[in-house]
Protein chains: 4
Amino acid sequence: MPRTVDPQLNERRRRQILEAATRCVIRRGFHQTSMQEICAEAEMSSGGLYRYFDSKEAIIAAIAEDERAENAAIIHELLRTDNLVKTLQGIMRKMLKVFANTDYGRLGVEVLAEASRNPKVAAVFSHNETELKAALVTALKKAKRDGQIDPGLTLRAIAELLLALIDGLSTRTLVDPGCKPQQLDKATRVMITRLLRPSA
Amino acid sequence: MPRTVDPQLNERRRRQILEAATRCVIRRGFHQTSMQEICAEAEMSSGGLYRYFDSKEAIIAAIAEDERAENAAIIHELLRTDNLVKTLQGIMRKMLKVFANTDYGRLGVEVLAEASRNPKVAAVFSHNETELKAALVTALKKAKRDGQIDPGLTLRAIAELLLALIDGLSTRTLVDPGCKPQQLDKATRVMITRLLRPSA
Amino acid sequence: MPRTVDPQLNERRRRQILEAATRCVIRRGFHQTSMQEICAEAEMSSGGLYRYFDSKEAIIAAIAEDERAENAAIIHELLRTDNLVKTLQGIMRKMLKVFANTDYGRLGVEVLAEASRNPKVAAVFSHNETELKAALVTALKKAKRDGQIDPGLTLRAIAELLLALIDGLSTRTLVDPGCKPQQLDKATRVMITRLLRPSA
Amino acid sequence: MPRTVDPQLNERRRRQILEAATRCVIRRGFHQTSMQEICAEAEMSSGGLYRYFDSKEAIIAAIAEDERAENAAIIHELLRTDNLVKTLQGIMRKMLKVFANTDYGRLGVEVLAEASRNPKVAAVFSHNETELKAALVTALKKAKRDGQIDPGLTLRAIAELLLALIDGLSTRTLVDPGCKPQQLDKATRVMITRLLRPSA
DNA sequence: TATGAATGAGCATTCATTCAT
DNA sequence: AATGAATGAATGCTCATTCAT
């Protein structure tokens, strides 16, 4: 390899490690996962891993960054739509499907716990949330202009409420074994409609 | 050997340890907190601590149990009220006040992370949530009977949505430094009203 | 033990560790000695060792401190004597005897190497040397007043020369296997006499 | 594959590595310097470095060898002179100038520490010292024959004393921040004169 | 009841060295 | 001749837990 440096190797190895680490974190939690476990899962030596990540902390930060990337599509959707209520309902439906797998909540909680204490992870997280909130507020503004939503509402507050709802739903399966997120689709749709729609 | 065993000593010591541990967990996280740190914070020897808690795990389980106890008052309120909408709004207002302090979210996330992996903690948690959900469903049923809420709604779904919203709001300050929970009071009130009230 | 804290335990354990560590450093060098080796040599667990020394660095600093303590007797002798030339000759004779064992030089070099890079060790060392030099200068001054030594000499320079000579002699056996320090006694005596004594 | 193998390349690369390694050792010490640091400092890959030096140990041995080469000029001078006292004084003056830079002492201590434990380095060192001592003894003998020095002295002992003094002076600045080697020139000259010259 | 010294497995990380290219 | 990715044993240090007193 050396002679001809493979430009994609770096990215490939990072992904390999990140995916292994993500599986480990979901399975056992971040602090309970040792670097050796991640190495084993990534089928890589510990020395090798450190070529791609400077520290354990850097791995959780990268996982947080990964989660962030997933928001890009949502943001894009929010900013393009002409029918915000419908779009939000669609986003929610997709999310509820994702949340049915406890993996998502487990990972999210670990990353959140880390973010609440580790400035490097917090930075990624905060950027993430700020971006998402901004997109949501922008979308709400446009929808308000178009008469799609109740003009009496504080948009920032609505956005925060919606984001909180999503966060809360993501961990519901961890907490309540009886909860089947996909059965909440209808109620969620109703909630979004009633919250936003101008009252008759 | 003391002449009379103080029957309250046991409970007093447990509280002393639990409060110290809670401070530690809020400050540094559960897995980053060592037993020695908890001992130091509780001004107690490590040998001594183990008389009151069998393991580190037992401490986080007890912290979860503590959180559960806080729900008792809420459950009581839910089951007594004649005006559910108003009561829920009141509960929310109180919670938003609590959530303004990041401590609450930090602790909650740690406990939740642990619950999602540790069966003993999960049991406490699950019991907690089940109880709360049951109380909420009962209250919703009664309110529906009384014509206070929209008869078209699935009560279990509404309950889960409300609980998710609370959970989500509790961690909002960790994730979004710009979020001031108490400013969400009005929006929350609107949301509750619109969600539950029979549409005009 | 806990109930009745043994006030000497701390010091005893520190000595036990320090002596073990000193043997290890002489045998293999500071950086080639692992903490586990020191633990094994001290017949103590690694966790136990860290109760008495915060770090590996703290051990080498304590070894340096130990060396320093050995100077106390010399300083005392220098400050009491009425016949400096004779006293210096006596000190030299004792030192040459010590230097015959390569252990002394080996240990000294390790400590010196560490001192030249590690501020904590350097501080101990510098204090040590300053003290010794000051005592030597004081003794020289007094001897000069008493007419015991050549009034034309710069006392500080003489002191530094003598200290350099001692340092150099301490490592001679490491470098020159044929060197038998005790055979240098006469030459050293001559050197001291000629250097200090007023020329006839 | 190059048409013509550069016969000097090998030597050039060795020098490049050796100089880089020497800088690293002065800066951080031998055992604290990693091979990767040396590679970086030498602007060379780790694989490449191993073409020129078999191991880390081989590098410190080569550094020791380098120091040895520096003695050649001194030996030459000692063996040619007709006025040993003056020559020794001249040598000392030059050395004191060199010793003013702590680099010299730092490097020397590292090499010495290694020599005291590693047979390969010890061999270089011992050869070095033996050679120097032999030259000094030869010079002393000749000077004695010429009546330049006191006939009562054991020449080997004088030689060892002088070498010890030089060694000791080389590390003085590491140990005593107040020491300015060049200010010791006069005292050193006096010492040499008195030690060697026949007493009046 | 309480102490705190002791344990030793476990952790994140480093590093001399190798080798396919 | 040179590269740099890979290895994996080893390192300094931590920590939940135990137990003699």
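Keep in mind that this is a model prediction, so the values were computed, not measured. Numbering of residues begins from 1 in every chain and follows the order in which that chain's sequence is written. Each chain gets a letter, beginning with A, and each ligand a number, beginning with 1, in the order they are written. Confidence filtering applies because this is a predicted model: local features only for residues at pLDDT of at least 70, side-chain atom pairs given and counted only at 80 or more, and all residues used for totals across whole chains, interfaces and linings.

The next thing to look at is the overall build of chain A. Strands are runs of DSSP state E lasting at least two residues, helices are runs of H or I lasting at least four, and both sets are numbered from the N terminus onward. When its secondary structure is counted, chain A shows 9 helices and 0 strands. The linear arrangement of helices and strands in chain A, starting from the amino end, is α-α-α-α-α-α-α-α-α. Projected onto its principal axes, the C-alpha positions of chain A cover 70 × 40 × 25 Å. Each residue is classed by its C-beta neighbour count within 10 Å, where at least 20 other C-beta atoms makes it buried, 12 or fewer makes it exposed, and intermediate counts make it partly exposed; the C-beta atoms are placed from backbone geometry. The buried share among the 200 residues of chain A stands at 40%.

What follows concerns the relation of the copies chain D and chain C. Superposing chain D onto chain C takes a rotation of 180° plus a shift of 0.0 Å along the axis, which leaves an RMSD of 0.1 Å. Here the transformation between the copies is reduced to the relation of a two-fold axis. When C-alpha positions in chain D are compared against the rotation axis, the closest is assigned to D:Gly168, at 1.9 Å. Superposing the copies works by least squares over the C-alpha atoms of residues that have pLDDT at least 70 in both of them.

Rotating chain B by 180° about the axis while translating it 0.1 Å along that axis superimposes it on chain A, leaving an RMSD of 0.1 Å. Note on contacts: residues are paired as contacts if their backbone-placed C-beta atoms lie within 7 Å. Both copies present the same face, since 100% of the interface residues in chain B are matched by interface residues at the equivalent positions in chain A.

Nowhere do chain B and chain C come into contact; their C-alpha atoms are at least 10 Å apart. Spatially, chain B is disjoint from chain D: no contact exists, and the shortest C-alpha separation is 30 Å.

With 44 residues of chain B at the interface, the matching set in chain A holds 46 residues. Every element with two or more residues in the side of chain B that touches chain A is listed here: α6 (102–115), α7 (119–145), α8 (155–175) and α9 (185–196) of chain B. Gly is placed with the polar residues, together with every amino acid not listed as nonpolar (Ala, Val, Leu, Ile, Met, Phe, Trp, Tyr, Cys and Pro) or charged (Asp, Glu, Lys and Arg). Its residues placed into classes, the side of chain B that touches chain A shows 22 nonpolar, 11 polar and 11 charged.

Here we come to helix α8 (residues 155–175) of chain D. For a helix, the expected span equals 1.5 Å multiplied by the number of residues minus one. Relative to the 30 Å expected for 21 residues at 1.5 Å per residue, α8(D) spans 30 Å between its end C-alpha atoms, a close match to the ideal helical length. Bending of α8(D) peaks at approximately 25° at the position of D:Leu169. In this scheme, the bend at a residue equals the angle between the axes fitted to the seven residues that finish there and the seven that begin there.

Two quantities define a packed helix pair, namely the angle between the helix axes and the distance between the axes. Residue and element names in this part refer to chain B. For the pair helix α4 (residues 56–80) and α7, the least separation of the axes is 9 Å and the interaxial angle reads 5°. Relative to α7, α4 is oriented roughly parallel. Listed contacts from α7 to Glu57, Ile60, Ala61, Ala64, Glu65, Arg68, Asn71, Ile75, Leu78 and Leu79 of α4 are Lys120, Val121, Val124, Phe125, Asn128, Glu131, Leu132, Ala135, Leu136, Thr138 and Ala139. A class-by-class count of the residues in the contact of α4 with α7 yields 13 nonpolar, 3 polar and 5 charged. What counts as an axis is a line fitted to C-alpha atoms, over the stretch in contact for a helix, and the angles between N-to-C directions run from 0 to 180 degrees. Each angle is binned into one of four classes, with values under 35 degrees roughly parallel, values over 145 roughly antiparallel, values of 65 to 115 roughly perpendicular, and all other values oblique.

Our next topic: helix α5 (residues 84–99) of chain B. Helical geometry: 3.6 residues make up each α-helical turn, so side chains three or four residues apart lie on a common side. Residue and element names in this part refer to chain B. Taking 1.5 Å per residue as the helical rise, α5 with its 16 residues ought to reach 22 Å, and the 22 Å between its terminal C-alpha atoms agrees with that figure. When we look at burial in α5, the residues that qualify are Leu84, Leu88, Met92, Leu96 and Phe99. Along the long axis of α5, the arc covered by the buried residues comes to 105°, so they all point the same way. Taken together, the buried residues of α5 touch α6, α7, α8 and α9. Of all possible arcs, the one meant is that of the directions from the helix axis to the C-beta atoms.

Okay, the interface of chain D and chain C next. Taken residue by residue, the interface counts 44 residues in chain D and 47 residues in chain C. If you tally residues by element for the side of chain D that touches chain C, the top one is α8(D), at 14 residues. Here the residues of the side of chain D that touches chain C are counted per class, giving 22 nonpolar, 11 polar and 11 charged.

Attention shifts here to the environment of A:Glu70. Within the secondary structure, A:Glu70 sits in helix α4 (residues 56–80). Residues A:Glu70 and A:Arg172, 102 residues apart in the sequence, show an inter-C-alpha distance of 20 Å.

The next subject is the nonpolar core. Any nonpolar core is a set of buried residues, restricted to Ala, Val, Leu, Ile, Met, Phe, Trp, Tyr and Cys, that join up through C-beta atoms within 7 Å. Membership of the largest hydrophobic core comes to 59 residues, with the highest contact counts inside it found for C:Ala64 and D:Ala64. Contact partners of C:Ala64, with chain neighbours within four places excluded, come to C:Val111, C:Ala115, C:Val121, C:Val124 and C:Phe125. Among the nonpolar cores identified, the runner-up in size contains 58 residues, and A:Ala61, A:Val121, B:Ile63 and B:Phe125 belong to it.

Detailed reading of predicted coordinates is not advised where the pLDDT is low. Model confidence for chain A is summarised by a mean pLDDT of 92, while 96% of its residues fall at 70 or above. When pLDDT is averaged over each helix and strand of chain A, the minimum, 92, is found for helix α7 (residues 119–145) of chain A and the maximum, 98, for helix α2 (residues 35–41) of chain A. The score called pLDDT rates the predictor's confidence residue by residue, from a low of 0 to a high of 100.

With that settled, the discussion passes to unusual backbone geometry. Residues and elements named next belong to chain B. Even without a glycine there, the phi angle at Glu43 is positive, about 50°. Positionally, Glu43 belongs in the loop between α2 (35–42) and α3 (46–52). Look at Glu43 and you get exposed, because 9 C-beta atoms sit within 10 Å.

Residues and elements named next belong to chain B. The geometry of helix α1 (residues 9–28) relative to α6 is characterised by a closest axis approach of 9 Å and an angle of 95° between their N-to-C directions. The orientation of α1 relative to α6 falls into the category roughly perpendicular. Residue-level inspection shows Thr22, Val25 and Ile26 of α1 in contact with α6, the latter providing Asp103, Arg106, Leu107 and Glu110. Of the residues assigned to the contact of α1 with α6, the class counts are 3 nonpolar, 1 polar and 3 charged.

Before going further, it helps to spend a moment on the environment of A:Arg106. By the element assignment, A:Arg106 lies in helix α6 (residues 102–115). Residue classification places A:Arg106 among the buried residues on the basis of 23 C-beta atoms within 10 Å. With residues up to four places along the chain from it excluded, the contact list for A:Arg106 reads A:Ile26, A:Leu174 and B:Ser116.

Once that is clear, we can look at the environment of D:Thr102. All names here are of chain D. Looking at the secondary structure, you find Thr102 in helix α6 (residues 102–115). We classify Thr102 as partly exposed; it has 16 C-beta atoms within 10 Å. With sequence-adjacent residues up to four places away left out, Thr102 is seen in contact with Thr173 and Leu174.

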